[in-house]
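The chain contents come next:
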Amino acid sequence: MPQRTIPAAAYARPGVPGPRPVGRPVQAATMARPIPPQHPAAMPVGRPPVPTPRAAVTFLTVAEVASMMRVSKMTVYRLVHAGELAAVRVGRSFRVPERAVQDYLRDAYTDIA
């Protein structure tokens, strides 16, 4: 027995919307032509130029600084709170720039002999 196809209008109920189309309709009037890069309209207006990327800063945890300096974590916390070692607070923990540790060790070096 052949299959009968029932038109979609037969399923439609009054007051119930039908299926929605997927996606946005493409209209030729709304599509813009690409602007060539040498055209003045392609140049950004009022925007600053893109800055050059900075050198990456490596941050260390308090435990990593303590192992580098071979001291306890409490000593590192004391140095940070005293302002002798620069650090950044991230949430409830501290991060110390690697450069700050190198500067501290260089400045703390004393010649005994």
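As the structure is a computational prediction, the values presented were derived from the model and not from experiment.

### Side note on the pattern of salt bridges
Side chains that differ in charge, positive against negative, can pair when their charged atoms come close. Applying the stated criterion to the full structure yields three salt bridges. Between D103 and R99 there is a salt bridge, with the nearest N and O atoms lying 3.7 Å from each other. Taken together, the residues span about one helical turn, with D103 and R99 both in helix α4 (residues 98-108) at a distance of four residues. Look at D103 and you get partly exposed, because its relative accessible area is 23%.

### A short note on the confidence of the model for the protein chain
On average, residues of the protein chain score 80 in pLDDT, and 69% of them reach the 70 mark or higher. The secondary structure element of the protein chain with the lowest average pLDDT is helix α1 (residues 8-11), at 60, and the one with the highest is helix α3 (residues 73-82), at 96.

### Let's talk about the packing of aromatic side chains
Applying the stated criterion across every chain, the model contains one aromatic pair. Each ring, one from Y77 and one from F94, has its centre 6.2 Å from the other, and the planes form 65°; the classification is edge-to-face. One end of the pair, Y77, is in helix α3; the other, F94, is in strand β3 (residues 93-97), with 17 residues separating them in the sequence. Take Y77: its relative accessible area is 30%, and that puts it in the partly exposed class.

Reading the values: rules and limits
Once a new chain begins, its residue numbering starts again from 1 and follows that chain's sequence as written. Whole-chain, interface and lining totals are the exception, using all residues; otherwise, since this is a predicted model, local features are given only for residues with pLDDT of at least 70 and side-chain atom pairs are given and counted only at 80 or more. Excluded from the side-chain calculations are hydrogens and water; all other atoms, namely the structure's heavy atoms, are used. Any carboxyl oxygen of Asp or Glu that lies within 4 Å of a side-chain nitrogen of Lys or Arg is treated as forming a salt bridge with it. What counts as a helix is a DSSP run of H or I of at least four residues, what counts as a strand is a run of E of at least two, and both are numbered from the N terminus. Only protein chains enter the accessibility calculation, which uses a 1.4 Å probe; a residue is then buried when its area is under 20% of its type maximum, exposed when over 50%, and partly exposed in between. As a per-residue measure, pLDDT reflects the predictor's confidence and takes values from 0 up to 100. Aromatic pairs are defined between Phe, Tyr and Trp rings, using the six-membered ring for Trp, whenever the two ring centres lie within 6.5 Å; interplanar angles under 30 degrees are classed as stacked, those over 60 as edge-to-face, and all others as tilted.

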